[in-house]
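Structural overview
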Amino acid sequence: MDVLGSLGTHLACAPRGRDAELRGVALHDPAENTPAAAGDVLLGLGTPSVAAAVRLVASTVASAVVLHGKPPLDERVVAAAKKSGAAVLLVDPSVPWSQLANVTQTLVNGGTRTGDLFGLADVIAGVVGGPVTIEDQQSRVLAYSYRQEDVDPVRVQTILGRRVPEEARRALDEFGVFTHLASSDEPIFVPKLTPQLGNRLVAAVRAGRELLGSVWVEVTGPVDAARSAALVDGARTAALHLLRSRASTDLERQAEADLVIRLLDQPESADVARLGLPSADLRVIAVQAHAGEGEHGAAVLAFQRATAGFGWSRPGRSALFGNVLYTVIPAADDAVAWVRSLVRELPAEATVLAGIGGPAEATQLPTSRQEADECLALSTGVPVVYDDAWAQVLLHRLAAVAEAGRLPTRGPISTIVRHDAENGTQYATTLRAWLAAQGDVRAAARDLKVHPNTLRYRMQKMSEVTPLPLDDPDQRLAMAIALQITR
């Protein structure tokens, strides 16, 4: 339901609740009257009237019935659903049955896609004769075979880190493996290239002309034609899994993004549990990624990488809003390490800026998002964490207020800044250092790399330009703030 909601689907009633396992998809055909099985999602084609819908819902044993229509559901259909126990989903009539059938088939039968890939890896390992990994285009591990005994160090690192180590990837690239995979469906035998990287038999996973990934088998030496052919067959089967996985993943990403945006905007109406997140001790991370001339390309790639996860876990839940990636993550996880993991997943030429909000309850996430946005504005390439940067955030806020004309434009600081601009003096810098050193002339002089007498002389000349009430603590605080926001 979380996924189908993006297609205009409404859960009209669920007599047995949402916790129902779905096992198949069936199409209602009035001409053949083929019954659906328990656990099916029954697509109610050929139900042009309420009476037809009532008959279908009342007589089915399917777990759910999908009907074209808009809420509210007719009470007669509700009564029929209570009789049969079937949930009833209403789909906007503008959504074609063909599209709905494809999506539902993917969600129901493709929901265990990772398990399917692991099972396929086991089959390929048994036929070809060696431990198997199935990887995507970025050499990230999607699945691996159960048989992984006596493997080389690179295989161990690949599985634990969920991607091929960089040194091994460079060796494979220099040997021409990735160039071969980009243009050929024939398996390639890769001899032992480094002490840690043993023999491999590799085949491309392709859909038409598009390279989706690759299948890697650790072998003791060159293999015969039969085993090579078996690997090609396995790669073709993997392509079907990956295509189905892509459709399902795109829908899941959209559903996740919708929930995250709702959580950041209206936390009181959002269900944190549906995102698999705790209700307390959360943070918001805001990320901007730029690469080349494309305005949003790197941001979209960052969103895809964030929702795919790094390693075998994915602690955060993400949404792409404009060109900013927002991720909600448990505060117990290392948010800075999360950002660094994301950076490693992006092209080397990408520029990544990141701000990390403070810890928050679920209902306080809009505040953490604002803090993340403000920290993002301060980032120059290193993640800025609100816990450490709250003072800079405060001054940044005050600077924004000043730019809007909501702070005094006259006073001792504006006079000194204007005098510096007109006469080339350094009074503002000198006063800032003196205030930061709390009046310690020698410490301020060291900071400015000038003689203490030079600093005393400047302070004296400043007092001739404008009165400086340095004995008043409120005045000193106001001057220090004004100097910071006009820096």
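Residues numbered from 1 in each chain as written. Predicted model: local features only at pLDDT ≥ 70, side-chain atom pairs only at ≥ 80, totals over all residues. Heavy atoms only, no water.

1. Considering the overall build of the protein chain
Our working definition: Secondary structure elements follow DSSP: runs of H or I no shorter than four residues count as helices, runs of E no shorter than two count as strands, and numbering proceeds from the N terminus. The size measure is the radius of gyration over C-alpha atoms, and the globule rule it meets is 2.2 Å times the number of residues to the 0.38 power. Here's how the labels work: a residue is buried when its accessible area is under 20% of the maximum for its type, exposed when over 50%, partly exposed in between, all with a 1.4 Å probe on protein chains only. A contact between two residues is defined here by any heavy atoms of the two lying within 4.5 Å. Computed with a 1.4 Å probe, the accessible areas rest on the Shrake-Rupley method; for each residue, only the protein chains presented here act as cover.
Scanning the protein chain for helices and strands turns up 17 helices and 15 strands. For 487 residues, the compact-globule estimate of 2.2 N^0.38 gives 23 Å, and the protein chain exceeds it by more than 25% at 31 Å. For the protein chain, the spread of C-alpha atoms along the three principal axes comes to 100 × 70 × 35 Å. Looking at the 487 residues of the protein chain, the share that counts as buried comes to 46%. Taking contacts inside the protein chain between residues at least 6 apart in sequence as the whole, the part at least 24 apart equals 58%. When the accessible surface of the protein chain is split by element, carbon and sulfur atoms take 51% of a total near 24700 Å².

2. Some thoughts on the sheet that holds strand β8 (residues 188-190)
Put simply, the rule is: When DSSP finds two or more bridges between two strands, those strands count as paired. Helix axes are fitted to C-alpha atoms over the stretch in contact, other axes to C-alpha atoms as well, and angles between N-to-C directions run from 0 to 180 degrees.
Reading across the sheet, the five strands line up as β7-β6-β10-β9-β8 and stay open at both edges, with antiparallel pairing between neighbours. Edge positions in the sheet fall to β7 (141-144) and β8, since each of these pairs with one other strand and no more. In this sheet, adjacent strand axes meet at a mean angle of 25° when their direction is disregarded. Its contacts with the sheet place helix α5 (residues 153-161) against β6 (132-136), β7, β9 (200-207) and β10 (210-218), and it is angled at close to 50° to β6.

3. A closer look at the packing of helix α13 (residues 412-423) against helix α14 (residues 427-436)
Test applied: Roughly parallel means an angle under 35 degrees; roughly antiparallel, over 145; roughly perpendicular, 65 to 115; everything else is oblique. Amino acid classes used here: Ala, Val, Leu, Ile, Met, Phe, Trp, Tyr, Cys and Pro are nonpolar; Asp, Glu, Lys and Arg are charged; the rest, including Gly, are polar.
Close contact between α13 and α14 brings their axes to 8 Å; oriented N to C, the two are set at 135°. Judged by the inter-axis angle, α13 sits oblique to α14. Contacts between α13 and α14 involve I413, I416, V417, H419 and D420 on the former and, on the latter, Y427, A428 and L431. Grouping the constituent residues of the contact of α13 with α14 by class yields six nonpolar, one polar and one charged.

4. Notes on the pairing of β6
The element β6 is largely enclosed, with a buried count of five among its five residues. Across the two faces of β6 the burial is the same, with V132, I134 and D136 and T133 and E135 all buried. In this structure, β6 lies alongside β10, joined through five bridges in antiparallel fashion. Looking at β10, one finds that T133 is bridged to W216. Pairing of β6 with β7, which is carried by three bridges, proceeds in the antiparallel orientation. Across the sheet, residue E135 finds its bridge partner in β7, namely V141.

5. Notes on the nonpolar core
In plain terms, the rule: Here, the term nonpolar core denotes a set of buried Ala, Val, Leu, Ile, Met, Phe, Trp, Tyr and Cys residues that are joined through side-chain atoms within 4.5 Å.
Among the nonpolar cores identified, the biggest contains 40 residues, and I285, V287, L325, V328, W338 and L365 are the most heavily contacted of them. For this core, the elements supplying multiple residues, two or more each, are α8 (225-265), β11 (282-290), α9 (297-308), β13 (324-330), α10 (335-345), β14 (351-356) and α11 (365-378). In terms of residues, this core owes the most to one element, β11, which gives six residues. Formed by 24 residues, the second largest nonpolar core is a distinct cluster that contains L117, A121, A125 and V132.

6. A short note on the packing of aromatic side chains
Formally: Two aromatic rings, drawn from Phe, Tyr or Trp (for Trp, its six-membered ring), form a pair once their centres lie within 6.5 Å of each other, and the interplanar angle then sorts them: stacked below 30 degrees, edge-to-face above 60, tilted otherwise.
Counted under the stated rule, the structure contains two aromatic pairs. Each ring, one from F118 and one from Y144, has its centre 5.2 Å from the other, and the planes form 75°; the classification is edge-to-face. Of this pair, F118 sits in helix α4 (residues 113-129) while Y144 sits in strand β7, and the two are 26 residues apart along the sequence. Between the aromatic rings of F178 and W216, the centroid separation amounts to 6.4 Å while the plane-to-plane angle is 55°, which identifies the pairing as tilted. Taken together, the positions of F178 in helix α7 (residues 177-183) and W216 in strand β10 put the pair 38 residues apart, joining distant regions of the chain. Comparing F178 with W216, the two get one shared label, buried.

7. Considering the confidence of the model for the protein chain
Convention followed: A residue's pLDDT is simply how confident the predictor is in it, with values from 0 to 100.
Of all residues in the protein chain, 91% attain a pLDDT of 70 or more, and the chain-wide mean is 86. The lowest-confidence element of the protein chain is helix α3 (residues 97-109), averaging 75 in pLDDT; the highest-confidence one is helix α2 (residues 75-84), averaging 96.

8. Regarding the domain arrangement of the protein chain
Applicable threshold: The source of the domain bounds is an automatic or database domain assignment.
Per the domain assignment, the segments making up the protein chain are domain 1 (3-109), domain 2 (114-245), domain 3 (277-403) and domain 4 (408-485). The C-alpha centroid of domain 3 is placed 40 Å from the C-alpha centroid of domain 1.

9. What about the sheet that holds strand β1 (residues 9-13)?
Here we have five strands laid out as an open sheet, ordered β1-β5-β4-β3-β2, and mixed in their pairing. Both outer strands of the open sheet, β1 and β2 (24-27), are each paired with one neighbouring strand and no more. Along the sheet, successive strands turn relative to each other by an average axial angle of 25°, direction set aside. The pairing of β1 with strand β5 (residues 87-91) spans four bridges and is antiparallel. Paired with C13 across the strands is V88, a residue of β5.

10. Some points on α2
We apply this condition: Summarising the geometry, the arc corresponds to the directions from the helix axis toward the C-beta atoms. Here a polar contact is taken to be a pair of N or O atoms separated by no more than 3.5 Å, where protein atoms must pair a possible hydrogen donor with a possible acceptor and residues adjacent in sequence count only if both atoms sit in side chains.
Listing the buried residues of α2 in full gives V77, V78, A80, A81 and S84. Buried residues of α2, viewed axially, fall in a sector of 160°; they line one side. Facing away from the buried side of α2 by over 90 degrees, the exposed positions are E75, R76, K82 and K83. Looking at the buried positions of α2, the neighbouring elements they touch are β1, α1 (50-59), β4 (64-68) and β5. Between a side-chain oxygen at the N-terminus of α2 and the backbone nitrogen of R76 the separation is 2.8 Å; the capping residue is D74. Positive phi shows up at G85, right after α2, with a value of about 85°.

11. Some thoughts on the environment of D29
Along the chain, D29 turns up in the loop between β2 and β3 (40-43). Through-space distance from the C-alpha of D29 to that of G44 is 8.2 Å; in sequence the pair is 15 residues apart.

12. Structural notes on the pattern of salt bridges
Defined as follows: A side-chain nitrogen of Lys or Arg and a carboxyl oxygen of Asp or Glu constitute a salt bridge if their distance falls within 4 Å.
On inspection of all chains with the given rule, the structure shows 13 salt bridges. With a closest N to O distance of 2.7 Å, D152 and R200 form a salt bridge. Residue D152 is found in the loop between β7 and α5, and its partner R200 is found in strand β9; the two are separated by 48 residues along the sequence. Across the salt bridge formed by E464 and K461, the nearest N and O atoms sit 3.2 Å from each other. A residue pair is termed a helical-turn pair when its members lie 3 or 4 positions apart in one helix, as E464 and K461 do in helix α16 (residues 452-465) at three residues.

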